[in-house]
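Residue-level listing of the chains:
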Amino acid sequence: QVQLVESGGGSVQAGGSLRLSCAVSGNTYRRNCMGWFRQAPGKEREGVAAIERGFRPTYADSVKGRFAISQDDAKNTFYLQMNSLKPEDTAVYYCAARSGGGNCYTRLKTYDNNFWGQGTQVTVSS
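Since the model is a prediction, treat every value here as computed from it, not as a measurement.

(A) Spotlight on the state of the cysteines. Counted according to the given criterion, the structure contains two disulfides. A sulfur-sulfur distance of 2.1 Å marks the disulfide that ties Cys-22 to Cys-95. Where Cys-22 bonds to Cys-95 through sulfur, the torsion about that S-S bond is close to 65°, and the disulfide is right-handed. Separated by 73 residues along the polypeptide, Cys-22 in strand 3 (residues 18-26) and Cys-95 in strand 9 (residues 91-98) bring together distant segments of the chain.

(B) Focus on the pattern of salt bridges. Taken as a whole and assessed by the stated rule, the structure comprises five salt bridges. The partner of Asp-89 in a salt bridge is Arg-38, with the nearest N and O atoms 2.9 Å apart. You can see Asp-89 sitting in the loop between strand 8 (77-82) and strand 9 and its partner Arg-38 sitting in strand 4 (residues 33-39), a full 51 residues away along the chain. On the basis of relative accessibility, which here comes to 5%, the residue Arg-38 falls in the buried class. Residue Arg-66 is joined to Asp-89 by a salt bridge in which the shortest nitrogen-to-oxygen separation is 2.7 Å.

(C) Highlighting the nonpolar core. Counting 35 residues, the largest nonpolar core has Trp-36, Leu-80, Met-82 and Tyr-93 as its most contacted members. Element by element, the count of residues in this core is highest for strand 9, at five residues.

(D) A look at unusual backbone geometry. Within the chain, Asn-103 stands out as a residue other than glycine whose phi angle is a positive 50°. When you line up the elements, Asn-103 lands in the loop between strand 9 and helix 1 (104-108). Accessibility expressed as a relative area gives 58% for Asn-103, which makes it exposed. Phi is positive for Asn-113, which is not a glycine, with a value near 65°. The topology assignment puts Asn-113 in the loop between helix 1 and strand 10 (115-116).

(E) Molecular detail of the packing of aromatic side chains. Following the criterion strictly, the structure yields four aromatic pairs and no others. Taken together, the aromatic side chains of Phe-37, Tyr-111 and Trp-116 make up a single cluster linked through ring pairs. The positively charged end of Arg-19 is found above the aromatic ring belonging to Tyr-79, 3.9 Å away from the centroid. Its end group placed over the ring of Tyr-94, Arg-45 keeps NZ or CZ at 3.9 Å from the ring centre.

(F) Region of the structure containing the sheet that holds strand 3. Spatially, 1-3-8-7 is the arrangement adopted by the four strands of the open sheet, whose pairing is antiparallel. Sheet topology places strand 1 (2-7) and strand 7 (67-72) at the edges, where each strand pairs with a single neighbour. Recorded for the sheet is a direction-independent mean angle of 15° between the axes of neighbouring strands. Bridge analysis of strand 7 against strand 8 gives six bridges, and the strand direction is antiparallel. By the bridge assignment for strand 8, Gln-71 is matched with Phe-78.

(G) Representation of the environment of Asp-73. By the secondary structure assignment, Asp-73 is in the loop between strand 7 and strand 8. C-alpha of Asp-73 to C-alpha of Ala-60: the two residues are 13 residues apart in sequence and 24 Å apart in space. A distance of 3.4 Å separates polar atoms of two side chains, one belonging to Asp-73 and the other to Gln-71.

Thresholds, definitions, all that
- Residues numbered from 1 in each chain as written.
- Predicted model: local features only at pLDDT ≥ 70, side-chain atom pairs only at ≥ 80, totals over all residues.
- Heavy atoms only, no water.
- Disulfide = S-S within 2.5 Å.
- Helix = DSSP H or I, 4+ residues; strand = E, 2+ residues; numbered from the N terminus.
- Salt bridge = Lys/Arg side-chain N within 4 Å of Asp/Glu carboxyl O.
- Buried < 20%, exposed > 50% of the residue type's maximum accessible area, 1.4 Å probe, protein only.
- Core = buried A, V, L, I, M, F, W, Y, C linked by side-chain atoms within 4.5 Å.
- Phe/Tyr/Trp six-rings, centres within 6.5 Å; stacked < 30°, edge-to-face > 60°.
- Lys NZ or Arg CZ within 6 Å of the ring centre and 35° of its normal.
- Pairing = 2+ DSSP bridges.
- Axes fitted to C-alpha atoms, helices over the stretch in contact; angles between N-to-C directions.
- Polar contact = N/O pair within 3.5 Å; in protein donor to acceptor, adjacent residues only side chain to side chain.

Written out as structure tokens, the structure reads:
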């Protein structure tokens, strides 16, 4: 019923930038909590950022000051602007959404009732 389609991944040199997009289709009512996760080879999936209208966005400490999450309600799309990329940022990035109501980042990280994109590869070389 709800589908998330990601785009914008690719390969860049350290210090470069990428912008990931997540287009949401289907019934998005009450799906106001949106965020990004990533999973590097051999590592567990980790939260990156989350946003919910009416609340301040939340970021993992590892990306604060470098990444920015935003949304365009008219396009039913949200984004992850990634600047000053590091090799440690190399991972498959997944967008996610779930119902809102506060504590978006925390609730997304429980993984229950999340809708997920299929992932997009980000590779940062030194």
